[in-house]
Each structure stands twice: as C-alpha cells, then as structure tokens.
Amino acid sequence: MPRALAYRRAADDEPFSALNITPLIDVMLVLLIMLIVTIPSLTHKVPVDLPQGDETAPPGQPHQLDITADGTLLWDGARISDAQLPALLKAGVSADAPLLLKTDEAARYERFDAILAQVKRAGVSKLAFVGHERMKID
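Residues numbered from 1 in each chain as written. Predicted model: local features only at pLDDT ≥ 70, side-chain atom pairs only at ≥ 80, totals over all residues. Heavy atoms only, no water.

Visitor: Please clarify how the pattern of salt bridges should be interpreted in this entry.
Guide: Pairs may arise between side chains of opposite charge once their charged atoms sit close together. The full count for this structure, using the stated rule, is 2 salt bridges. In this structure, R111 and D82 form a salt bridge, with 2.6 Å as the shortest nitrogen-oxygen distance. Of this pair, R111 sits in helix α4 (residues 109-122) while D82 sits in the loop between β3 (78-80) and α3 (85-94); the two residues are 29 residues apart in sequence, bridging distant segments of the chain. Assessed through its relative accessible area of 22%, R111 is described here as partly exposed. Assessed through its relative accessible area of 36%, D82 is described here as partly exposed. Two residues, R108 and E110, come together in a salt bridge whose shortest N-O distance is 3.1 Å. (Salt bridge = Lys/Arg side-chain N within 4 Å of Asp/Glu carboxyl O. Helix = DSSP H or I, 4+ residues; strand = E, 2+ residues; numbered from the N terminus. Buried < 20%, exposed > 50% of the residue type's maximum accessible area, 1.4 Å probe, protein only.)

Below is the structure:
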C-alpha cells in the first residue's frame, strides 16, 4: 500500500499535459451560430425602386380634394360634381401636381373607396392623406 500512495503523490505534483479543448469548442459553436444567423440577412435583398428626382423641375402646386360627411366633393375649396373630377385629376397629373386627399371622419367608406378608385384610374402618383393625425388608434 505505501507504494500506491507514493505513486499518487508523484502524479498529483506533475503538470497536466492534456489540452482542455472545451472552451475552444464553445467559442467555435458561438461563432458558427452567429454566422448562420447573420449570413441570410446579408444576402437577402429587397428590391426597392426609389424615385430619382429632377433637381431642375419644381414640384407642381398641390391640389386638395375634400370629401365631406355627406359625400360632397370639394376641389381646392370649391364644390364640384362627380363628372368634373376625372378632368381635374387628369389636369393635375399632366401638371405633375401632388393631390392632397382629406376625408371627413363621418364620410361613408364606400364613397371614399369610389373616389380613391377614380384617383387611381387617373394615374395620380403623388397622393397624400391629410387630417388623419387625429384618428390615432390608442
């Protein structure tokens, strides 16, 4: 028995010669996971057609189209009929003028949808909705 104890003491005093690779494997796994997560986001591209502005052409004067609570149309404050709207929209598109669309909150959605369809058919590309800041969803 004394011989076995002597052998243990000699082995305990010697330095441990095997390399502990557990931290190395942990670091490599973390790097692999980061690579797997980041590579798809770097290679995934969403094509977006951004407008190329012309520095020399000034923007046209904006026109405002109002839809009142009873469905009446107002073009820059003046009352118009439904038959006059397409001609005014075509003139606004040819002048490259933005259209501001303001709808009363009590107006019917069907009326708004019909007017918006006419705006789309006229080819209006510069459209802004005005006065909807007060209709926040809390």
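Visitor: Would you take a moment to explain unusual backbone geometry for this structure?
Guide: Peptide bonds are, in most cases, trans, and in most cases residues other than glycine have a negative phi. Notably, D76 is not glycine yet its phi reads approximately 55 degrees, a positive angle. Relative to the elements of secondary structure, D76 occurs in the loop between β2 (73-75) and β3.

Visitor: How do you make sense of a nonpolar patch on the surface when you look at a structure like this?
Guide: The grouping of L19, I21, L24, I25, V27, M28, L29, V30, L31, L32, M34 and I36 at the surface amounts to a nonpolar patch, some 1200 Å² of accessible area in total. Inspection of the secondary structure puts L29 in helix α2 (residues 22-43). (Patch = residues over 30% accessible without salt bridge, like charges linked within 9 Å, V, L, I, M, F, W, Y side chains within 5 Å. Areas by Shrake-Rupley, 256 points an atom, 1.4 Å probe, with all protein chains shown as cover.)

Visitor: I keep staring at the pairing of strand β5 (residues 127-130) and nothing clicks. Help me out?
Guide: The side chains of a regular strand alternate, residue by residue, between the two faces of the sheet. Note that strand β4 (residues 99-103) and β5 share 4 bridges and pair parallel. Residue pairing across strands places L100 opposite A128, the latter belonging to β5. On the question of chirality, the crossover connecting β4 to the parallel β5 by way of α4 is right-handed. (Pairing = 2+ DSSP bridges. Right-handed = clockwise from strand over helix to strand, strands pointing away.)

Visitor: Any chance you could explain α3 here in plain terms?
Guide: Since the α-helix packs 3.6 residues into each turn, any two residues three or four apart lie on the same face. L85, L89 and G92 are the residues of α3 that are buried. Buried residues along α3 cover an arc of 60 degrees about the axis, so they all sit on one side. Exposed residues on α3 whose side chains face more than 90 degrees from its buried face are A87 and S94. Elements that come into contact with the buried residues of α3 comprise β1 (63-67), β2, β3, β4 and α4. Looking one or two places after α3, you find D96, whose phi comes out positive at around 60 degrees. (Arc of directions from axis to C-beta. Contact = heavy atoms within 4.5 Å.)

Functional significance is not addressed by these values, which are geometric in nature.
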